[in-house]
Amino acid sequence: MALLFSHTLTEEQKREAREKWEVGTFLPLPADLQSRWSQVPPEGPFPEEWLQPVLEWLSRVTRPGDVVLVQGEFGAVYQVVSWCHRESRIPIYATTVRRYESRKLPDGTVKNIHIFRHVNFRRFPC
């Protein structure tokens, strides 16, 4: 499974990937591409040339039928998912249950807590 996202997989996610998606190895982006994936320039139109090295890496490390976990900046996700569909890769994303807690502290400040729990991986529709 090629990993195009900014987090670390939990043990629960790894287990699901192995059992449900038959993933044998996890391929994180190299550091330079991870930085690129995490910092897509927000100014102007979508910078397709910015994403090209990521697509070239995907082309080298994956084969048709391989799973690609894709989460990130919306335009980049759209481009990679489109590439995956054209190149017969399987693009997926993680779904979560979110819980929010707000606690008023003794000093009058408020502490907000966001709790995310993995539910499953879902295939991007065509």
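Residues numbered from 1 in each chain as written. Predicted model: local features only at pLDDT ≥ 70, side-chain atom pairs only at ≥ 80, totals over all residues. Heavy atoms only, no water.

Enquirer: How should I be thinking about the overall build of the protein chain in this particular structure?
Expert: Secondary structure assignment for the protein chain yields 4 helices and 5 strands. Moving toward the C terminus, one meets the helices and strands of the protein chain in the order β-α-β-α-α-β-α-β-β. Seen through its principal axes, the protein chain has C-alpha atoms that stretch 55 × 40 × 30 Å. Out of the 126 residues belonging to the protein chain, those deemed buried represent 37%. Sequence-distant contacts in the protein chain: of pairs separated by 6 or more residues, those separated by 24 or more amount to 60%. Of the roughly 8,200 Å² of accessible surface on the protein chain, 52% is carried by carbon and sulfur atoms. Once the 17 positive and 15 negative side-chain charges of the protein chain are each reduced to a mean point, those two points are 6 Å apart. (Helix = DSSP H or I, 4+ residues; strand = E, 2+ residues; numbered from the N terminus. Buried < 20%, exposed > 50% of the residue type's maximum accessible area, 1.4 Å probe, protein only. Contact = heavy atoms within 4.5 Å. Areas by Shrake-Rupley, 256 points an atom, 1.4 Å probe, with all protein chains shown as cover. Lys, Arg positive; Asp, Glu negative; His and termini not counted. Charge placed at Lys NZ, Arg CZ, Asp CG, Glu CD.)

Enquirer: What's the story with the packing of aromatic side chains in this structure? I'm lost.
Expert: For any pair of aromatic rings, the description rests on two quantities: the centre-to-centre distance and the angle between the ring planes. In total, this model carries 1 aromatic pair according to the counting rule given. The interplanar angle of 55° and the centroid separation of 4.6 Å between the aromatic rings of tyrosine 93 and phenylalanine 124 together place this pair among those described as tilted. Pair noted here: tyrosine 93 is in strand S4 (residues 90-104) and phenylalanine 124 is in the segment after strand S5 (110-123), with a separation of 31 residues, a long-range link. Cation over ring: arginine 36 sits above tryptophan 50, and NZ or CZ is 4.3 Å from the ring centre. (Phe/Tyr/Trp six-rings, centres within 6.5 Å; stacked < 30°, edge-to-face > 60°. Lys NZ or Arg CZ within 6 Å of the ring centre and 35° of its normal.)

Enquirer: Sorry, what's going on with the layout of surface pockets here?
Expert: Think of a ball as big as a water molecule: rolled over the atoms, this probe shows where empty space is left. A volume near 350 Å³ is recorded for the largest pocket. Of all elements in the fold, only S4 and S5 reach the threshold of two or more residues within the lining of the largest pocket. Per element, the largest residue contribution to the lining of the largest pocket is 4 residues, and it comes from S4. Residue composition of the lining of the largest pocket, by class: 3 nonpolar, 8 polar and 2 charged. Taken as a whole, the second largest pocket spans an internal volume of roughly 180 Å³. What lines the second largest pocket is simply Val70, Gln71, Gly72, Phe74, Val77, Tyr78, Val81, Ser82 and Phe124. Among the elements that line the lining of the second largest pocket, the one with the most residues is helix H4 (residues 74-86), at 5 residues. Within the lining of the second largest pocket, the residues separate by chemical class into 6 nonpolar, 3 polar and no charged. (1 Å grid on protein atoms, 1.4 Å probe; cavity = no way out; pocket = protein on both sides within 12 Å on 5 of 7 lines; lining within 4 Å. Points joined across faces, edges and corners; volume = space filled by probe spheres on them. Nonpolar A, V, L, I, M, F, W, Y, C, P; charged D, E, K, R; others polar.)

Enquirer: When you look at H4 in this model, what are you seeing that I'm missing?
Expert: For the α-helix, the turn length of 3.6 residues means that residues three or four positions removed from each other point alike. With 13 residues, H4 extends 18 Å from end C-alpha to end C-alpha; this agrees with the ideal 18 Å at 1.5 Å per step. Listed as buried for H4 are Gly75, Ala76, Val77, Val80, Val81, Ser82, Trp83 and Cys84. Buried residues belonging to H4 abut strand S1 (2-4), helix H2 (31-38), helix H3 (48-61), strand S3 (67-70) and S4. If you check the start of H4, you find a side-chain oxygen 3.0 Å away from the backbone N of glycine 75, and it comes from glutamate 73. Phi turns positive one or two residues past the end of H4, at serine 88, with a value near 60°. (Expected span 1.5 Å × (residues − 1). Polar contact = N/O pair within 3.5 Å; in protein donor to acceptor, adjacent residues only side chain to side chain.)

Enquirer: Please explain the nonpolar core as it appears in this structure.
Expert: Nonpolar side chains in soluble globular proteins tend to end up buried together. Formed by 20 residues in total, the largest nonpolar core has its most connected members in Leu4, Trp37, Leu58, Val70 and Val80. Residue assignment for this core shows that the elements contributing at least two residues are S1, H2, H3, S3 and H4. For this core, the element with the most residues is H4, which contributes 6 residues. With near-sequence residues (within four places) excluded, leucine 58 lies in contact with Ala2, Leu4, Val68, Val80, Trp83 and Arg89. In terms of nonpolar packing, the next biggest core, distinct from the first, is built from 13 residues, Met1, Leu9, Leu69 and Ile90 among them. (Core = buried A, V, L, I, M, F, W, Y, C linked by side-chain atoms within 4.5 Å.)

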